[in-house]
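As a plain string of letters, each chain reads:
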Amino acid sequence: MDSHFLEETKDVKLLSDIRALGANNPILFDGEMTTDFVGKGINCGFELLKSVDKWLIDHPTP
Amino acid sequence: MHDLKLLKVINAPVFNISPDELKTPACKEASLTFLRNANRATRILQAPVFAAGTAGVYQAAVQFAMADFYGTENPTDEQMKIRLPADFGDKCYAQYVKMLSSTEPGQHQLIMASAANNLCLFLQVCPKDVHDIFESLLKTTIILAWTATETLLEDLWERALNEHPSDLCKVTPPDKAKKGILSEEIQKYGFNLRNKMGTILKGRFKFHTLTESRMAYETAFSTDGGQVNKAIKNGYVDSLYHLRNLIAHNS
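Residues numbered from 1 in each chain as written. Chains lettered and ligands numbered in written order. Predicted model: local features only at pLDDT ≥ 70, side-chain atom pairs only at ≥ 80, totals over all residues.

## A closer look at the overall build of chain B
Looking only at helices and strands, chain B features 11 helices and 0 strands. Order of helices (α) and strands (β) in chain B, N terminus to C terminus: α-α-α-α-α-α-α-α-α-α-α. Compactness check: chain B gives a C-alpha radius of gyration of 26 Å against a globular reference of 18 Å for 251 residues, more than 25% above the reference. Its C-alpha atoms give chain B principal-axis dimensions of roughly 85 × 40 × 30 Å. (Helix = DSSP H or I, 4+ residues; strand = E, 2+ residues; numbered from the N terminus. Rg over C-alpha atoms; globule rule 2.2 N^0.38 Å.)

Written as structure tokens, this is what we have:
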């Protein structure tokens, strides 16, 4: 993990535990954190799909 | 070597959307690619555990077939001298298929949990290179999950604007030089821009950067787009994006 990553993610609360490892230390990936980030990240995609779908339905083409 | 906690990947979700959940063609079509990419990511995540589980079931099938052949689960040394028939491999495979098809969902979960436990024990004593390969698979999953998300962001935006240009095409691209539509672009589509506005305008944004993706959605969905922009601003989207960049550029 480099200083660029630390700077870029300073406002991302979900990465605070990872940032706490400090610069020049490797992030140790494990099944728990990967499943969490992947599962919940992908779910955001589904939320986006549903919200765009609702928007298009609520705003019918004139 | 750190604990890879592979038991947790068994709970990785399998994503699905019921046919009635999305109504508009734009979202239905965008969801198909996203589903495929998303499930590819979780399958890679679970691949080592599935491989170990499959090997475990096959081992049990071989033991079952041997017990059937020798008439006992614990053949003596004398019995073991009897040559196995040429089709013994086929019998093992048939037994394996039978065991898989008769496995209840609950049993399947137990098999995978047992496989994950065995893998974790193995990973505690294996060479570091092997441990690193398994960790690389986890990192690959992060990259695939972000790729699925990035593809969705661009694909969905394009399709939504194609389907609903009148309200959504009031976009202000970050590159002001590209404002407006070039005559070459109009020519490209035979002077018919019906259902093409998203396709034309998507080039104004760099969807591989999260900042510009968000800008694209914020400008298109500036009216009543609260829920749309809330979904794209979720911290898990940021997390996937930054972790992917870190893995890809720093590995």
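From this point, things continue past the structure.
## Topic: the overall build of chain A
Within chain A, the regular secondary structure consists of 3 helices and 0 strands. Starting at the N terminus, the α and β elements of chain A follow one another as α-α-α. For 62 residues, the compact-globule formula gives about 11 Å, and the C-alpha radius of gyration of chain A, at 17 Å, lies well above that figure. Dimensions of chain A, computed from the C-alpha atoms along their principal axes, are close to 55 × 25 × 15 Å.

## Quick word on the interface of chain A and chain B
The partner chain B presents 58 residues to the 39 residues of chain A that form the contact. In terms of residue count, the dominant contributor to the side of chain A that touches chain B is helix α3 (residues 31–58) of chain A (24 residues). Of the residues contributing to the side of chain A that touches chain B, the split by class is 19 nonpolar, 10 polar and 10 charged. (Contact = placed C-beta atoms within 7 Å. Nonpolar A, V, L, I, M, F, W, Y, C, P; charged D, E, K, R; others polar.)

## Quick word on the confidence of the model for chain A
Scored by pLDDT, chain A comes out at a mean of 92, with 100% of its residues at no less than 70. Within chain A, the element-level pLDDT minimum falls on helix α1 (residues 3–8) of chain A, averaging 89, and the maximum on α3 of chain A, averaging 95. (pLDDT = per-residue confidence, 0-100.)

## Topic: the domain arrangement of chain B
All names here are of chain B. Split into domains, chain B comes out as domain 1 (1–33 + 42–126) and domain 2 (128–251). The centre of domain 1, based on its C-alpha atoms, is set 37 Å off from the matching centre of domain 2. Taken together, the contacts link 15 residues of domain 1 with 17 residues of domain 2. Counting residues per element, the side of domain 1 that touches domain 2 draws most heavily on helix α1 (residues 25–70), at 10 residues. Across the side of domain 1 that touches domain 2, the residue classes break down as 12 nonpolar, 2 polar and 1 charged. (Domains from an automatic or database assignment.)

## Concerning the environment of Leu153 of chain B
Residue placement: Leu153 of chain B occurs in helix α5 (residues 128–163). Leu153 of chain B has contacts with Phe207 and Ser213 of chain B, leaving out every residue within four places of it along the chain.

## A short note on the environment of Asn16 of chain B
All names here are of chain B. Within the secondary structure layout, Asn16 lies in the segment before α1. On the basis of neighbour counts, which here come to 11 C-beta atoms within 10 Å, the residue Asn16 falls in the exposed class. A sequence separation of 23 residues divides Asn16 from Asn39, and the C-alpha atoms of the two residues are 8.8 Å apart. (Buried ≥ 20, exposed ≤ 12 C-beta atoms within 10 Å, placed from the backbone.)

## Structural notes on the packing of α3 of chain A against α5 of chain B
A packed helix pair is summarised by two numbers, namely the angle formed by the two axes and the spacing between the axes. As a packed pair, α3 of chain A and α5 of chain B sit with axes 9 Å apart at the nearest point and diverge in direction by 5°. In this view, α3 of chain A runs roughly parallel relative to α5 of chain B, as classed from their interaxial angle. Here Gly31, Thr34, Phe37, Val38, Gly41, Ile42, Gly45, Leu48, Leu49, Val52 and Leu56 of chain A of α3 of chain A lie close against α5 of chain B, whose contacting residues are Leu138, Thr141, Ile142, Ala145, Ala148, Thr149, Leu152, Leu156, Ala160 and Glu163 of chain B. Looking at side-chain class alone, the contact of α3 of chain A with α5 of chain B contains 14 nonpolar, 6 polar and 1 charged residues. (Axes fitted to C-alpha atoms, helices over the stretch in contact; angles between N-to-C directions. Parallel < 35°, antiparallel > 145°, perpendicular 65-115°, else oblique.)

## Description of the packing of α3 of chain A against helix α11 (residues 235–250) of chain B
For the pair α3 of chain A and α11 of chain B, the least separation of the axes is 8 Å and the interaxial angle reads 120°. Taken as axis vectors, α3 of chain A and α11 of chain B run oblique relative to one another. Seen along the crossing, α3 of chain A lies across α11 of chain B with a hand that is left-handed. Listed contacts from α11 of chain B to Phe37, Lys40, Gly41 and Cys44 of chain A of α3 of chain A are Tyr236, Val237, Ser239, Leu240 and Leu243 of chain B. Classifying every residue of the contact of α3 of chain A with α11 of chain B by side-chain character gives 6 nonpolar, 2 polar and 1 charged. (Left-handed = near helix turned anticlockwise from the far one by under 90°.)

## Quick look at the nonpolar core
Of all hydrophobic cores here, the largest spans 66 residues; its most connected members are Val52 of chain A together with Ala145, Leu156 and Leu240 of chain B. Looking at this core, the element that brings in the most residues is α5 of chain B, giving 14 residues. Split by domain, the residues of this core number at least three in each of domain 1 (1–33 + 42–126) and domain 2 (128–251) of chain B. Beyond its immediate stretch of four places on either side in the chain, Ala145 of chain B contacts Val38, Gly41 and Ile42 of chain A together with Ala41 and Leu240 of chain B. (Core = buried A, V, L, I, M, F, W, Y, C linked by C-beta atoms within 7 Å.)

## Thoughts on the environment of Pro165 of chain B
Residues and elements named next belong to chain B. Looking at the secondary structure, you find Pro165 in helix α6 (residues 165–168). C-beta crowding within 10 Å serves as the criterion here: with 19 such atoms nearby, Pro165 is assigned to the partly exposed category. Placed 55 residues apart in sequence, Pro165 and Ala220 show a C-alpha to C-alpha distance of 9.4 Å.

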